[in-house]
Amino acid sequence: MALSLLIAALLAAAHSRASPVPSKPYVCHEFTVDLALDNVTTVVPFLPEIESRYQATHYANIFTTRQDPDCNSTPEIEFTSITKSFTIVGEYCTPSKPGNKANTLHLLTHGLGFDRSYWDFYLPSNKFDTQYSYVHAATAAGYSTLSWNRLGIAPSTIANPYTEVQAPVELALLAQLTTLARSAHPSISGLHTAPTTIIHVGHSWGSFLTQALATSAPSLVDAVVLTGWSTSSAYMSNFISSGTLHLATENQPARFPAATYSNGFLTWPDALANQFAFFAYPHFDPAVLEYAEAQAKQPFTLGEFLSQQALPAADADETKQADSTGPTVYIVASGQDMLFCGGNCTGIVGEDVPETKAAFPNAAELKVDVLDGFGHGLNLHYGADRAYEKIMMWVGEKVE
Ligand SMILES: *[C@@H]1O[C@H](CO)[C@@H](O)[C@H](O)[C@H]1NC(C)=O
Ligand SMILES: *[C@@H]1O[C@H](CO)[C@@H](O)[C@H](O)[C@H]1NC(C)=O
């Protein structure tokens, strides 16, 4: 008797010493889907496959070489097509206690150099700091989210980085994923009710894909949020010049083994190159930068560079589309974005900037905010939840 009392007392003491562990206020289900592409138009790579680290960096020279504005030296693009299945892995998250708003789905597409963890980012050393997590903010506001690892980002298929991991292929996969989500297809674990509304949210390359989906398949898109985006390609060379196209297999061989990743998978060299492209000093925690570089970064591909121009662009002839009403659009630009704005997005993206309006000629409504204190990788800065709060308010007012 005495012994069992002692044990009970010890157990009680052990319990009271354990710090309370707050559980996440949302539940996530990982899903794996095979998506079959039928005759999707792709680009024939106009540069040979990469033979060596030296040739990779030489390609960085090619992409940043001065161009005579009067003479278009871009090679003529040849097209081919692809019919093939790819595996895509994603994650569906809902509030722990879902209400009506949980039928509004945020479909999140990440940019180059990341995977879907960009949308649900936590430092391992501070797992309860929710300021970086878009998924936390969206589910706290009552919504559901679907994030996915784009093609070429494990555990989605590590496809051919020249001919397959290309913009039009990723666009076709985004369209299929959206169609599955719209019908609450059983392959998307946890999603049991067809969403009433889908908001496509992109970052950077993911914003290009999102914009292209809104242009090419408007019936799939209700509303659009673009981050890390502008219409200017004038500063893109900042990304290539600072990153100088390193082979992913040489840069982080343990994470990107040569048995799986060929020379077509590329990255930037180190944390400071990452900072230059994605972070605005002093608006970030160095521990976030170091973690993003060592554990979170993912390669991009040569095929992505060679195929971006093949994405459908908005039809400049507005009258042609005058009958159709496009999505409601919210653009949240990072004030200090080096890659899309040369470090200052004011005047490059805006509600009164003609190029911004031309990108969405039939937007039902277009709102733009340029947020000071953020570099290109918006979600990884201090107070990223300030941006999320604005997005959730906009969704509440304009979309629901
Ligand atoms: C594939 O698409 C192209 C262009 O849209 C078309 O010309 C071709 O006939 C298609 N091929 C097949 C096998 O459907
Ligand atoms: C950013 O650009 C705008 C418009 O050109 C200019 O008015 C502003 O001074 C610039 N900001 C900084 C910090 O240079």
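Residues numbered from 1 in each chain as written. Chains lettered and ligands numbered in written order. Predicted model: local features only at pLDDT ≥ 70, side-chain atom pairs only at ≥ 80, totals over all residues. Heavy atoms only, no water.

**Digging into unusual backbone geometry**
And step 1. Following Ala154, the chain continues into Pro155 via a peptide bond in cis, with omega recorded as 5 degrees.
And step 2. The linkage connecting Tyr281 with the following residue, Pro282, adopts the cis geometry, with an omega of 0 degrees.
And step 3. One non-glycine residue, Ala184, lies in the positive phi region at around 50 degrees.
And step 4. With respect to the helices and strands, the residue Ala184 is situated in the loop between helix 4 (167-182) and strand 5 (197-203).
And step 5. The backbone of Thr244 shows a phi angle near 50 degrees, a positive value even though the residue is not glycine.
And step 6. Here Thr244 lies in the loop between helix 6 (237-243) and strand 7 (246-247).
And step 7. For Thr244, a relative accessible area of 25% corresponds to the partly exposed category. (Helix = DSSP H or I, 4+ residues; strand = E, 2+ residues; numbered from the N terminus. Buried < 20%, exposed > 50% of the residue type's maximum accessible area, 1.4 Å probe, protein only.)

**Overview of the pattern of salt bridges**
And step 1. One pass over the full model with this rule turns up 10 salt bridges.
And step 2. Here Lys84 and Glu164 are joined by a salt bridge, their closest N and O atoms 2.7 Å apart. Taken together, the positions of Lys84 in strand 2 (residues 79-95) and Glu164 in the loop between strand 4 (144-148) and helix 4 put the pair 80 residues apart, joining distant regions of the chain.
And step 3. Judged by its relative accessible area of 38%, Lys84 is partly exposed.
And step 4. Taken together, the shared-partner salt bridges in this structure form one network comprising Glu30, Glu91 and Arg116. (Salt bridge = Lys/Arg side-chain N within 4 Å of Asp/Glu carboxyl O.)

**Concerning the side chain of Ser147**
And step 1. Secondary-structure assignment places Ser147 in strand 4.
And step 2. In this structure Ser147 comes out as buried when scored by relative accessible area, which is 2%.
And step 3. Non-local contacts of Ser147, meaning those with residues more than four positions away in its chain, are made with Gly90, Glu91, Leu108, Arg116 and Trp119. (Contact = heavy atoms within 4.5 Å.)

**A few points about the sheet that holds strand 8 (residues 265-267)**
And step 1. Strand order in the open sheet made by the three strands is 7-8-9, with antiparallel pairing throughout. Pairing within the sheet leaves two strands with one partner each, and these edge strands are strand 7 and strand 9 (300-301).
And step 2. Examined bridge by bridge, strand 8 and strand 9 share two bridges and lie antiparallel to one another. Bridging from a neighbouring strand, Leu266 pairs with Phe300 of strand 9. (Pairing = 2+ DSSP bridges.)

**Some points on the sheet that holds strand 6 (residues 223-227)**
And step 1. On the basis of which strands lie adjacent, the open sheet formed by eight strands has the order 1-2-4-3-5-6-10-11 and mixed pairing. What marks the edges here is a single partner per strand, and that holds for strand 1 (26-43) and strand 11 (365-371). Pairs of neighbouring strands in the sheet enclose a mean axial angle of 20 degrees, with direction left out of account.
And step 2. Note that strand 6 and strand 10 (residues 328-334) share five bridges and pair parallel. The partner of Val224 across the bridge, within strand 10, is Val329.
And step 3. Across the sheet, helix 4 lies against strand 1, strand 2, strand 3 (104-109), strand 4 and strand 5, angled at about 130 degrees from strand 1, the strand it touches most. (Axes fitted to C-alpha atoms, helices over the stretch in contact; angles between N-to-C directions.)

**Some details on the state of the cysteines**
And step 1. Within this structure, the stated rule accounts for two disulfides.
And step 2. Between the sulfur atoms of Cys28 and its disulfide partner Cys93 the distance amounts to 2.1 Å. Negative torsions about the S-S bond denote left-handed disulfides, and the value of about 110 degrees found for Cys28 with Cys93 makes this one right-handed. Of this pair, Cys28 sits in strand 1 while Cys93 is found in strand 2, placing the two residues 65 residues apart along the sequence.
And step 3. The disulfide bridge from Cys341 ends at Cys345, spanning 1.9 Å between sulfur atoms. (Disulfide = S-S within 2.5 Å.)

**Quick look at the environment of Thr178**
And step 1. Tracing the backbone shows Thr178 in helix 4.
And step 2. Of the residues examined, Thr178 reaches a relative accessible area of 0% and is grouped as buried.
And step 3. Beyond its immediate sequence surroundings of up to four residues, Thr178 is in contact with Leu107, Ile198, His200, Leu213 and Leu220.
And step 4. Within the structure, the side chain of Thr178 is placed 3.0 Å from the side chain of His200, a separation counted as a polar contact. (Polar contact = N/O pair within 3.5 Å; in protein donor to acceptor, adjacent residues only side chain to side chain.)

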